[in-house]
Amino acid sequence: MSVTAPPARTHGATSPLRSRPAVRRFLEGPPLDPADLSMVLLVTEEESDRPMPTLTVAQLPARVRQAKQLGIRSVKIFAESTQRDAAGEFSVVPDALMARAVRTAKDAEPRSPS
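Treat the numbers as computed from the prediction; the structure is a model and nothing was measured.

### Regarding the overall build of the protein
Inference 1: Along its length, the protein carries three helices and two strands.
Inference 2: The proportion of buried residues among the 114 residues of the protein is 19%.
Inference 3: At a minimum sequence separation of 6, the contacts of the protein that also span at least 24 residues come to 59%.
Inference 4: Entry remark: accessible area of the protein is about 9,400 Å², with carbon and sulfur atoms responsible for 56%.

The structure is reproduced here in structure tokens:
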């Protein structure tokens, strides 16, 4: 009895199922628009040279306006504050970095009435 190897597939060849338009449409998923995205912003107290891009509160308005111009409707702000306590109570202080960053972002691009 001889065993024959299956036919070799060339690199990049599509499967027989993916060659059918209905299957391709199903596997593609819905298209994404900029409005479906959220821009993530890491805010720090001072400018620094880091591997991850960060912004200061002063730089935030320009970036929020840029996101709106690109069609991005939301931003997610992460604030890296140097002031911390065990209970996390500093985060609700009105002058905390997160509070200032959120206030600045809202002032830069107020939400339009729906």
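### Considering the pairing of strand E1 (residues 38-44)
Inference 1: Most of E1 is tucked away, with five of its seven residues classed as buried.
Inference 2: Examined bridge by bridge, E1 and strand E2 (residues 74-80) share seven bridges and lie parallel to one another. By the bridge assignment, Met39 is partnered in E2 with Val75.
Inference 3: Crossover handedness for the path E1 to helix H2 (residues 60-69) to E2: right-handed.

### Details of helix H1 (residues 21-28)
Inference 1: Here H1 lies mainly on the outside; zero of its eight residues are buried.
Inference 2: At the exit of H1 stands Gly29, carrying a positive phi of roughly 80 degrees.

### Digging into the nonpolar core
Inference 1: One finds Leu41, Val43, Leu60, Val64 and Ile77 to be the most contacted residues of the largest nonpolar core, which totals 14 residues.
Inference 2: At the level of secondary structure, the elements contributing two or more residues to this core comprise E1, H2 and helix H3 (97-108).
Inference 3: Tallying contributions element by element places H3 first for this core, with four residues.
Inference 4: Residues within four places of Val64 in sequence aside, it is in contact with Leu41, Ala105, Ala108 and Glu109.

### Remarks on the side chain of Thr54
Inference 1: Here Thr54 lies in the loop between E1 and H2.
Inference 2: Sequence-distant contacts of Thr54, that is, excluding residues within four places in its chain, are made with Leu42, Thr44, Ser48 and Gln59.

### Examining the confidence of the model for the protein
Inference 1: Taken over all residues, the pLDDT of the protein has a mean of 82, while the share at 70 or more is 84%.
Inference 2: The least confident element of the protein is H1, whose mean pLDDT is 81; the most confident is H2, at 94.

About the criteria used
Residues numbered from 1 in each chain as written. Predicted model: local features only at pLDDT ≥ 70, side-chain atom pairs only at ≥ 80, totals over all residues. Heavy atoms only, no water. Helix = DSSP H or I, 4+ residues; strand = E, 2+ residues; numbered from the N terminus. Buried < 20%, exposed > 50% of the residue type's maximum accessible area, 1.4 Å probe, protein only. Contact = heavy atoms within 4.5 Å. Areas by Shrake-Rupley, 256 points an atom, 1.4 Å probe, with all protein chains shown as cover. Pairing = 2+ DSSP bridges. Right-handed = clockwise from strand over helix to strand, strands pointing away. Core = buried A, V, L, I, M, F, W, Y, C linked by side-chain atoms within 4.5 Å. pLDDT = per-residue confidence, 0-100.

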